[in-house]
Amino acid sequence: MKNSRKILFLIVIILSATTIVSSQVKQPVLNGKDKVEMFKSQSAMKKDSPYKDLHWQYIGPTNISGRCTDVEAVIPRGDSYTIWIGSATGGVWKSENEGTTFIPVFDDMPAGSIGDIAIDPNNENIVWAGTGEANIFRSSDAGCGVFKTGDGGKSWRYMGLGNTNTISRIKVNPKDSDIVYVAATGNEWTPNKDRGLFKTGDGGVTWEKVLYVDENTGVIDLVLDPKNPNTIYCTTWERIRQKWNDPRTWEETRNSGIWKSTNAGKTWKKINQGLPAQNDMGRIGIDIAASNTKVLYAYVDNYEIANKAKEGERDAYGRQKKDIIKGATIYRTDNGGESWKQVSGLTDKMKLYMERHSATYGWVFGQIRVDPSDENTIYTMGIFLNQSTDGGKTFKRLRGPHVDHHGLWIDPNNSNYLLNVQDGGLTISYDKGVTWKYPIEELPLAQFYNIAYDFSTPFRVFGSIQDHHSFYAPVDLSRGRDLVRPVEFEHILGAEGSSHTIDPRDNNTIYSSTFYGALERSEIDTYPEKTKRLIPNRLPDEPMLRGQWVAPTILSPHNPSIVYHGMQYVMMSRDKGDTWEYISPDLTYNDPEKMGDISYQTISALDESPLLFGLLYAGTDDGRVWRTKNGGKSWEEIRNGKVPERWVSRIVASKYDPGTVYMTQTGRRDDDYQVYIWKSTDFGDTWTDISGNIPVGPVNVIREDPVNKDILYAGTDASVYVSKDQGMKWDVLGDLPFAYVHDLQIHSRDNMIIIATHGRGMWVLDANDINDKDKIRRRRRF
């Protein structure tokens, strides 16, 4: 009863706040602790939803997994075959049969992004999970603190640190399980003070911040001396991710480094002798040799320049190549950190090897492990998993696993046994990485960005998957609309971040971008043979085109030969992309101070009215909103006083009323959990907040029902919502586990809802069930 009152009180506060600011800019929600409480409201809504018994059906891909951030195992192996995995956006998974099968154990928690997990060495049923991936990749999501299970994952308790947002490491004192250390790197996009090293001495009831530098610097890695756990080593990383720049060092960077405490965190000493200058040190990984605890290795993302880039030289994404930095550099200490010596990259061959170790994004990686029985055998994780048997002087790639490595567990009793996680899931080796065990069940962790569908029979779905490029598969309804089976997906046109659109006249012509809006056209049945690049070349005196990671491409509902494409301009082709005209000016702020490594100040959302040809809406990633009523001859900015300056995640022109348009915004890149859903009935001149009772954001997508004009659907960084009164009241839709819902479509012929989740693959639900109350009652009965 007491919890119900708290939840009701919170909902009242949220609705009251919405009313108070109705004539003002909607205020952000920046507190991670608030996010936890708001998620409790969502859980209550899910429990009470009239649609709670509707079943989401996972459709795949069965052949593709997704990014995992940590792996741990219960020891001794043989007495137990339990493996725990933390995923980047798919929660925590557990296997009790050495990876033969896995079950999700974190589905009802308020975050699916996992930074680190730790098994209590004194009780295998006690496991800690730190939420918020610390790799701060483009698709990383914030967490909301630390959680603990005492029954092997059957239930979890929130243990605090809700404002840390990203957690990189958890260590339990092997001599006292009540002592736990949590390394937190803090907000991804904005400064905050809830970063550093936290310690509890009472099992998580209370926390003390034992190491803090400043609001831009967190603790990225942490090890305890296994012989004396009061001796602690940790690394700090000064970083804030900008919307237009990857994390990197700057001339004024001063706070990245290595620290040591010999009294359980009461006092600290900086131990950087022999390391690069502090403004050349980025992320730092660290590990200790259990066989000789005076020996530690540090894996430094080293920003000292190795080679100057040539003008016109392009990187893997087609951008001007930057100067080549030394990158992954390994240092060793033999005296407990009093001094460090570089051990890697000392020959020309190894210098080049280490420069390529992490490519252009060393800040994503940084994990290093020392063989517990051999101080000279080490593993580093970059694009590949690398092994050295001579103390870091030479390395070799361990072939077999997927690329982009983030976690490695070495059996302390048998160092031949390795568990490795990367962007493809889990792999196991029994011979120190010479060979790897296949197949291991593909964890359903695919990180989709988008959905498109065609009108084949059965219809097919298309989407782009982080680190795996673009894929498609049929949705077979022949066994029944509630008996859809998951299937393998096949490779198709597009990159790992793309939008797709298929010509409805032939269900074969497909449009999609490679990286950053580089649009192409192909044919599905012969792909890749007839692929054609469509983006026109720019003249030397013209600004380079800027496209978002998932640049919007649409076909005109009035004539599918007309293609619209969003860069910083709206582009239009009347001949399927063979020729183009720019029908808008630069719709972004075009601020030269906000141009860097990442394509930013771009169009992020684009739509044309199905009722009026030439009525177009465009939204940008820097928060601008535009309309043209005449096919681009003139544009008007339509973001008014209520609507904040936030990344526009979706614009949908109504298929029922020419003046109605819907818009969602996401505050993810501002560390903002507010719910931004807007509706206009006057072509965008004024906007009404229709977020209603949705308690927590961010919001990624809104759609109209293709049959009932009053029904709306919204996809958030937690769930799917449905409204049957145009947004006045929302209900949680179905039994979906926690999921980052990046896109949602309703097949207009077959009336199936399709969602693309970023971390749990693709799912469908029968939209006919929304109005079929008898069917809902029958499902409840059974």
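Figured I'd write up the structure that's included with this text. All residue numbers refer to position in the chain's written sequence, counted from 1. Only residues with pLDDT of at least 70 get local features here, since the model is predicted, and only at 80 or more are side-chain atom pairs given and counted; chain-wide, interface and lining totals rely on the full set of residues. Hydrogens and waters are ignored; side-chain quantities use all the structure's heavy atoms.

### What about the environment of glutamate 523?
Rules: Where helices and strands are cited, they refer to DSSP runs of H or I of at least four residues and of E of at least two residues respectively, numbered from the N terminus.
Within the secondary structure, glutamate 523 is located in strand S35 (residues 519–523). Sequence-wise, glutamate 523 and arginine 505 are 18 residues apart; in three dimensions their C-alpha atoms are separated by 13 Å.

### Some words on the nonpolar core
Here is a general trend for soluble globular proteins: nonpolar side chains tend to be buried in one another's company. Which entries qualify depends on this criterion: Only buried Ala, Val, Leu, Ile, Met, Phe, Trp, Tyr and Cys residues count toward a nonpolar core, and they belong to the same one when joined by side-chain atoms within 4.5 Å. Throughout this description, buried means an accessible area under 20% of the type-specific maximum (1.4 Å probe, protein chains only), exposed means over 50%, and partly exposed covers the range between. Whether two residues are in contact is decided by their heavy atoms: any pair within 4.5 Å suffices.
Ranked by internal contacts, the top residues of the largest apolar core, which has 26 residues, are Tyr297, Ile330, Trp363 and Ile378. Of all the secondary-structure elements, those providing two or more residues to this core are strand S19 (296–307), strand S20 (324–333), helix H3 (348–356) and strand S22 (367–370). Setting aside residues no more than four positions away along its own chain, isoleucine 378 makes contact with Tyr297, Ile330, Ile368, Arg369, Val370, Asn386, Gln387, Ser388, Gly391, Gly392 and Phe395. In this structure, Ile711, Val722, Val741 and Leu765 belong to the second largest nonpolar core, which totals 21 residues.

### Remarks on the pattern of salt bridges
The test is simple: What makes a salt bridge here is a side-chain nitrogen of Lys or Arg within 4 Å of a carboxyl oxygen of Asp or Glu, nothing more.
Evaluated as defined, the whole model comprises 41 salt bridges. Of the charged contacts in the structure, one is a salt bridge between glutamate 637 and arginine 624, with a shortest N-O distance of 2.8 Å. Residue glutamate 637 is found in strand S44 (residues 636–637), and its partner arginine 624 is found in the loop between strand S42 (616–620) and strand S43 (625–628); the two are separated by 13 residues along the sequence. The class for glutamate 637 is partly exposed, based on a relative accessible area of 36%. With a relative accessible area of 14%, arginine 624 lands in the buried category.

### As for helix H2 (residues 32–48)
Our working definition: Given a helix with a known number of residues, its expected span is that number minus one, times 1.5 Å. Identification of polar contacts relies on pairs of N or O atoms within 3.5 Å, with a donor-acceptor requirement for protein atoms, meaning one able to donate a hydrogen and the other able to accept it, and with residues adjacent in sequence counted only if both atoms are side-chain atoms.
Compared with an ideal rise of 1.5 Å per residue, which puts 17 residues at 24 Å, H2 spans 25 Å between its outermost C-alpha atoms and is within 8% of the ideal. The N-cap of H2, judged by a side-chain oxygen 2.7 Å from the amide nitrogen of lysine 33 a few residues on, is asparagine 31.

### Structural notes on the sheet that holds S44
Convention followed: Strands were regarded as paired on the criterion that DSSP finds at least two bridges between them.
Overall, antiparallel pairing links the four strands, which are arranged S41-S42-S43-S44 in an open sheet. Edge positions in the open sheet fall to strand S41 (603–608) and S44, since each of these has one partner strand only. Where S43 meets S44, two bridges bridge the pair, whose relative direction is antiparallel. Considered in S44, the bridge of tryptophan 626 is made with glutamate 637.

### Some points on H3
Structurally, the α-helix is built with 3.6 residues per turn, so residues lying three or four positions apart point the same way. Of all the residues in H3, the buried ones are Met350, Tyr353, Met354 and Glu355. Where H3 is buried, its residues meet S19, S20, strand S24 (385–388) and strand S25 (396–397).

### A look at the environment of isoleucine 167
Along the chain, isoleucine 167 turns up in strand S10 (residues 167–172). Between the alpha carbons of isoleucine 167 and asparagine 135 there is a distance of 9.5 Å; along the sequence they are 32 residues apart.

### Re the packing of aromatic side chains
The cut-off we apply is this: Pairing of aromatic side chains requires ring centres within 6.5 Å, counting the rings of Phe and Tyr and the six-membered ring of Trp. Pairs whose planes differ by under 30 degrees are stacked, by over 60 edge-to-face, and all others tilted. Lysine and arginine charges are scored as sitting over a ring when NZ or CZ, respectively, is within 6 Å of the ring centre and within 35 degrees of the ring normal.
Scanning the model with the defined rule gives 20 aromatic pairs in all. Aromatic side chains tryptophan 128 and tryptophan 207 sit 6.1 Å apart centroid to centroid with 85° between the ring planes, which places their arrangement in the edge-to-face category. Of this pair, tryptophan 128 sits in strand S7 (residues 127–131) while tryptophan 207 sits in the loop between strand S12 (196–200) and strand S13 (208–211), and the two are 79 residues apart along the sequence. Given the relative accessible area of 22%, tryptophan 207 is considered partly exposed. Residues phenylalanine 462 and tyrosine 472 carry aromatic rings whose centres are separated by 5.3 Å and whose planes lie at 10° to one another, so their mutual orientation is stacked. Placement of phenylalanine 462 in strand S30 (residues 460–465) and of tyrosine 472 in strand S31 (residues 469–474) is noted, with a sequence separation of 10 residues between them. Of the two residues, phenylalanine 462 and tyrosine 472, both sit in the buried class. Among the aromatic residues, those joined into a ring-pair cluster are Trp84, Phe106, Phe147, Trp156 and Tyr158. Here the basic side chain of arginine 77 rests over the ring of tyrosine 417, its NZ or CZ set 4.2 Å away from the ring centre.

### With respect to the environment of lysine 351
Relative to the helices and strands, lysine 351 is located in helix H3. Each C-alpha atom of the pair lysine 351 and alanine 306 lies 9.1 Å from the other, and the pair is 45 residues apart in sequence. If near-sequence neighbours (up to four positions away) are discounted, lysine 351 is found in contact with Ala306, Asn307 and Gly345.

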